[in-house]
Amino acid sequence: MGNTETVWGRMLRTDVGRREWVDFVKGTAIILIVAYHTTLFLTSIGFDAAGIGRLKVVLELFPMPAFFLITGVFHNRVGQWSFADVWKRRLRQYLYLYLLWSVIRFVLYRLAPNVRSDGAGSTASDPLALLGILIWPISSYWFIYALFIFTLALWLFRKAPQWVLISIALVLSVLSSSGILNAHNVGINRMTEYLIFFTLGAYFSRKIFDLFDGMRLWRAIALVIGFAGFAAVVTLFPVLQRIPGSAFVGQLLAIATGFALAYYLVHLVFLKWVVYVGLRTLNIYLVHLFVIALLVAPLAFVPVLDELPGRGLLLIGVLTTLVILLSILITRYLTRFSWLFVYPFTGRKKGRARAAHNMEADATAERAARAPEGTGPEQDPPQSPTGKVGTA
């Protein structure tokens, strides 16, 4: 395996028995994201599984808000760093990955224009659109760009009372999720909607862990019932989503329910593979769209798909499983090319040594953050770019 995989492994390793439920949450979230994108690609070839249109409203409540909340948790000390440290330890990595993989995506769709894209339409292979991605994000990698913007915002507001950024982020989330604020750009709309979760994670990291560590079973059951009731109502009456604040309430319920369930489900041996997936969310996130595109393209010539039992829900499950497995397998070899995953322009040996030291410090800090109270040093717990969706 490559040196890169070792580095990412250090940053993302979860010690046995030490908050593995966090990686279980990430694993669940990336599975749902892959399933959602698989559905988008299938829809683009004229296939639509029964009920997906309405279920999509519910499925969107958990994965991305959960990822941003977890990522924010591991950015809780950013405000204590100098800008030079923030740039070297966070910002340049996010910006580099966003630009690099957006270019890779552009090249793929340019070389294979008949491969259906991920919802970006003609902009996927438009050179002018690519040049403007720092202003008008058209890439499916907007999540990484959001981490860049959110981390910068967290640092810029470091001297302001916490309620200032929370209030701004909450207003943006309510207006964006209800459709009142619409930039007509998926990336910008999602960024304005999800900044609140990153901010809450960064400001209340310890309280979030305290809330879910030792979760009582009856509370977990109550959360499941509450979320199930909310999901049923918004599925039957989609118009309710337009009520300002309803989506934010649903997202909070989904996150709380998901975290509570993860705390218990992670102890089931037959579900440990979800933790394994959660430790590799960055890898899966970066390549899964290409894998979906290549798997779905030939299905356009299979007319009997709409006749499958269950209207194709089984197909979505099979494709999701294949995409995750192939994404992990592919990136096991791609990590030999470290520049695909890590900012490579560290300069002299001294710069590289300092970068290595920072990553080791980040790894130690994250392990400390994952550890129960009193079992590790009080340091800054970081996140790698995607899960963390990686920071993954």
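For every chain, the first residue of the written sequence is number 1, and numbering continues from 1 along that sequence. Owing to the predicted nature of the model, reporting of local features is limited to residues with pLDDT of at least 70; listing and counting of side-chain atom pairs is limited to 80 or more, with chain, interface and lining totals taken over all residues. Computation of side-chain values: all heavy atoms of the structure, hydrogens and water removed.

**Quick look at the overall build of the protein**
Check the secondary structure of the protein and you find 16 helices and 0 strands. For the area figures, the Shrake-Rupley method with a 1.4 Å probe applies, and any residue is considered shielded solely by the protein chains shown. Element-wise, carbon and sulfur atoms account for 68% of the exposed surface of the protein, whose accessible area totals about 18000 Å². Helix and strand definitions here come from DSSP, where helices need a minimum of 4 consecutive H or I residues and strands a minimum of 2 consecutive E residues; each element is numbered from the N-terminal end.

**Here's the deal with the side chain of S176**
Mapped onto the elements, S176 comes out in helix 8 (residues 162–177). Three labels apply to residues, based on accessible area from a 1.4 Å probe with only protein chains included: buried if under 20% of the type maximum, exposed if over 50%, partly exposed otherwise in between. Residue class for S176 comes out buried when judged on its relative accessible area of 9%.

**Topic: helix 9 (residues 186–203)**
With 18 residues, helix 9 extends 26 Å from end C-alpha to end C-alpha; this agrees with the ideal 26 Å at 1.5 Å per step. For helix 9, the capping residue at the N-terminal end is N185, with a side-chain oxygen 3.0 Å from the backbone nitrogen of G187. The span you would expect from a helix comes to 1.5 Å times its residue count less one. As used in this structure description, the phrase polar contact means that two N or O atoms lie within 3.5 Å; if the pair is within protein, one of them must be able to donate a hydrogen and the other to accept it, and residues adjacent in sequence are counted only when both atoms belong to side chains.

**Describing the packing of helix 2 (residues 20–44) against helix 4 (residues 63–73)**
One way to put it is that helix 2 packs onto helix 4 with a least axis distance of 9 Å and a crossing angle of 145°. As helix 2 runs across helix 4, the sense of the crossing is left-handed. Residues V22, V25, K26, A29, I30, L32 and I33 of helix 2 form the contact with helix 4, whose participating residues are P63, M64, A66, F67 and I70. Polarity classes work like this: nonpolar for Ala, Val, Leu, Ile, Met, Phe, Trp, Tyr, Cys and Pro, charged for Asp, Glu, Lys and Arg, and polar for all others, with Gly in that last group. For the contact of helix 2 with helix 4, the residue count by class is 11 nonpolar, no polar and 1 charged. Helix axes are fitted only over the stretch in contact, all axes being lines through C-alpha atoms; the angle between N-to-C directions runs from 0 to 180 degrees. For any helix crossing, the convention is left-handed if the near helix is rotated counterclockwise from the far helix by under a right angle, and right-handed if that rotation is clockwise. By definition in these notes, contact holds between two residues if any of their heavy atoms fall within 4.5 Å.

**Comments concerning the nonpolar core**
What is meant by a nonpolar core is a set of buried Ala, Val, Leu, Ile, Met, Phe, Trp, Tyr and Cys residues, joined one to another through side-chain atoms within 4.5 Å. In terms of nonpolar packing, the biggest core is built from 103 residues, with W21, F68, W101, F143, F259 and L286 touching the most fellow members. Residues in contact with L286, not counting those within four places in the same chain, are W101, Y141, I144 and F341.

**With respect to the confidence of the model for the protein**
pLDDT measures the predictor's confidence residue by residue and takes values from 0 up to 100. Residues with a pLDDT of 70 or more make up 74% of the protein, whose mean pLDDT is 81. Across the protein, the secondary-structure element scoring lowest on mean pLDDT is helix 1 (residues 3–12), at 39, and the one scoring highest is helix 7 (residues 142–156), at 97. For the stretch residues 1–17, pLDDT sits under 50, and the model shows 43 contacts to residues farther than four places along the chain or on other chains. Note on residues 371–392: pLDDT under 50 across the span, and 109 contacts to partners over four residues away in sequence or across chains.

**A closer look at a nonpolar patch on the surface**
Excluding any residue in a salt bridge, patches collect residues exceeding 30% relative accessible area, merging like charges within 9 Å and nonpolar Val, Leu, Ile, Met, Phe, Trp and Tyr side chains within 5 Å. When a carboxyl oxygen of Asp or Glu lies within 4 Å of a side-chain nitrogen of Lys or Arg, that pair is called a salt bridge. Taken together, the side chains of L314, V318, L322, L326, L329, I330 and Y333 define a hydrophobic patch exposed on the protein surface, amounting to about 630 Å² of accessible area. Tracing the backbone shows L329 in helix 15 (residues 313–334).

**Observations concerning unusual backbone geometry**
Even without being glycine, H184 reaches a positive phi, approximately 55°. Looking at where H184 falls in the secondary structure, it is placed in the loop between helix 8 and helix 9. We classify H184 as exposed; its relative accessible area is 68%.

**Examining the packing of helix 7 against helix 9**
As a packed pair, helix 7 and helix 9 sit with axes 9 Å apart at the nearest point and diverge in direction by 50°. Overall, the two elements helix 7 and helix 9 adopt an arrangement that is oblique. For the crossing formed where helix 7 meets helix 9, the hand is right-handed. Mapping the contact onto sequence places W142, Y145, A146, L147, I149, F150, T151 and L154 in helix 7 and G187, R190, M191, Y194, L195, F198, A202 and Y203 in helix 9. Residues of the contact of helix 7 with helix 9, tallied by class, amount to 13 nonpolar, 2 polar and 1 charged. Here the word oblique covers every angle except those under 35 degrees (roughly parallel), over 145 (roughly antiparallel) and from 65 to 115 (roughly perpendicular).

**Let's talk about empty space enclosed by the protein**
Residues are called lining when one of their atoms sits within 4 Å of a cavity or pocket point, these points coming from a 1 Å grid over the protein atoms alone, where a cavity is a set in which a 1.4 Å probe fits but cannot get out and a pocket is an open set with protein on both sides within 12 Å along at least five of seven lines. Grid points are joined across faces, edges and corners, and a volume is the space filled by probe spheres set on the points. Of the pockets and cavities examined, the largest cavity occupies roughly 50 Å³. In terms of lining residues, the largest cavity is bounded by W21, V22, L69, I70, V73, F74, I208, F209 and F259. Mapped onto the lining of the largest cavity, the elements with two or more residues apiece are helix 2, helix 4 and helix 10 (205–212). The dominant element in the lining of the largest cavity, judged by the number of residues it contributes, is helix 4, at 3 residues. Grouping the amino acids of the lining of the largest cavity by side-chain chemistry returns 9 nonpolar, no polar and no charged.

**So, the pattern of salt bridges**
Applying the stated criterion to the full structure yields 4 salt bridges. Among the salt bridges present, the one from R19 reaches D213, with a minimum N-O distance of 2.4 Å. Placement of the pair is R19 in the loop between helix 1 and helix 2 and D213 in the loop between helix 10 and helix 11 (217–236), with a sequence separation of 194 residues. Among the salt bridges present, the one from R190 reaches E193, with a minimum N-O distance of 3.9 Å. Separated by 3 residues within a single helix, R190 and E193 lie in helix 9, roughly one turn from each other.

**Focus: the environment of G187**
Summarising the element assignment, G187 is placed in helix 9. When the C-alpha atoms of G187 and W142 are compared, they prove to be 5.4 Å apart, with 45 residues separating the residues in sequence. Discounting chain neighbours no more than four positions away, the residues touching G187 are P137 and W142.

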